[in-house]
Amino acid sequence: GQNIDQPTEMTATEGAIVQINCTYQTSGFNGLFWYQQHAGEAPTFLSYNVLDGLEEKGRFSSFLSRSKGYSYLLLKELQMKDSASYLCAVRAQGGGFKTIFGAGTRLFVKA
Amino acid sequence: EAEVAQSPRYKITEKSQAVAFWCDPISGHATLYWYRQILGQGPELLVQFQDESVVDDSQLPKDRFSAERLKGVDSTLKIQPAELGDSAMYLCASSRTSNYNEQFFGPGTRLTVL
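Residues numbered from 1 in each chain as written. Chains lettered and ligands numbered in written order. Predicted model: local features only at pLDDT ≥ 70, side-chain atom pairs only at ≥ 80, totals over all residues. Heavy atoms only, no water.

A.B. asks: Explain the interface of chain A and chain B residue by residue, including any values.
C.D. replies: In this assembly, 16 residues from chain A lie in contact with 22 residues from chain B. Of the roughly 1500 Å² buried at the junction of chain A and chain B (both faces included), carbon and sulfur atoms supply 51%. Seen at the junction of chain A and chain B, the total is 1 salt bridge. At the junction of chain A with chain B, the criterion picks out 6 residue pairs in polar contact (both at pLDDT 80 or more). At the level of secondary structure, the elements contributing two or more residues to the side of chain A that touches chain B comprise β4 (29-37), β5 (44-49), β9 (84-93) and β10 (97-101) of chain A. With 4 residues, β10 of chain A is the largest single contributor of residues to the side of chain A that touches chain B. (Contact = heavy atoms within 4.5 Å. Buried area = accessible area lost by both parts, 1.4 Å probe. Salt bridge = Lys/Arg side-chain N within 4 Å of Asp/Glu carboxyl O. Polar contact = N/O pair within 3.5 Å; in protein donor to acceptor, adjacent residues only side chain to side chain. Helix = DSSP H or I, 4+ residues; strand = E, 2+ residues; numbered from the N terminus.)

A.B. asks: Pulling in residues and values, what's your account of the pairing of strand β8 (residues 75-79) of chain B?
C.D. replies: Residue and element names in this part refer to chain B. With 4 of its 5 residues buried, β8 lies for the most part within the structure. In this sheet, β8 lies alongside strand β3 (residues 19-24) in antiparallel orientation, the contact comprising 5 bridges. Bridged to V19 within β8 is I79. As defined by bridge partners, strand β7 (residues 65-68) adjoins β8 across 4 bridges and the pair is classed as antiparallel. Its bridge partner lying in β8, A67 is registered against L77. (Buried < 20%, exposed > 50% of the residue type's maximum accessible area, 1.4 Å probe, protein only. Pairing = 2+ DSSP bridges.)

A.B. asks: Describe the pairing of strand β11 (residues 105-110) of chain A, listing the residues and the values that go with them.
C.D. replies: Residues and elements named next belong to chain A. Burial along β11 is one-sided: the face carrying T105, L107 and V109 is buried and the face carrying R106, F108 and K110 is not. Where strand β2 (residues 9-13) lies against β11, 5 bridges are found, and the strand directions are parallel. Pairing of M10 across the sheet is with L107, part of β11. Pairing geometry for β9 and β11, over 3 bridges, is antiparallel. If you follow A84 over to β11, its bridge partner there is L107.

A.B. asks: If you had to explain the pattern of salt bridges to someone new, which residues and values would you point to?
C.D. replies: Inspection of every chain in the model, using the stated rule, returns 8 salt bridges over all chains. The residue D56 of chain B makes a salt bridge to K98 of chain A at a minimum N-O spacing of 3.5 Å. Separated into two different chains, D56 of chain B in strand β6 (residues 53-56) and K98 of chain A in strand β10 make up a pair that spans both. Taken as a pair, D56 of chain B and K98 of chain A share a single burial class, namely buried. The residue R64 of chain B makes a salt bridge to E83 of chain B at a minimum N-O spacing of 3.3 Å. Of this pair, R64 of chain B sits in the loop between β6 and β7 while E83 of chain B sits in the loop between β8 and β9 (88-95), placing them 19 residues apart in sequence. In the salt-bridge network here, residues are joined through shared partners; they are R64, E83 and D86 of chain B.

Written as structure tokens, this is what we have:
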């Protein structure tokens, strides 16, 4: 089967750095995604990792370790608008490609 | 910038009634997804189309849910009859192909079943 775990909620301070972890178990791994979802809105794409290592994109970075089934999303210089849910999603190949989403981590940024 | 369109944005219905949601993906996107998202949870894939063909509907409750994409462009998701537990956000997404590195989501349809 497939399983994705991430913390339910996190709180951080404006201007700080926060790391959101995601662990997964899947067969046929074909990449890991991070999406941002503000309350009542649709998810928007943040990052994609398929090889081990760190991918940096502005204030956001994503890391993947395939051998450990582990990823994290790093948010730097936090802003109030970063308050949102962050969804970890894994794509697996098995008779086609299928993307499985985790339950998401709600991030609260306080002043 | 091209977007995925969905309608209606909100739907309130009584249990046992029929409801239908419509999605128009980004032009040229071959893969279309319907997800259901219950409050506080991540999106759950209901059905995935490649052009007009269903490639995954393993999580679709086929006794009451149906989906079609007749011409391989826009798509309709139907629930008949609706149940209280169907209250959720229904999200449509599209991607160029099934292994493309990004899915683009529409604004969703918020369904409330009374």
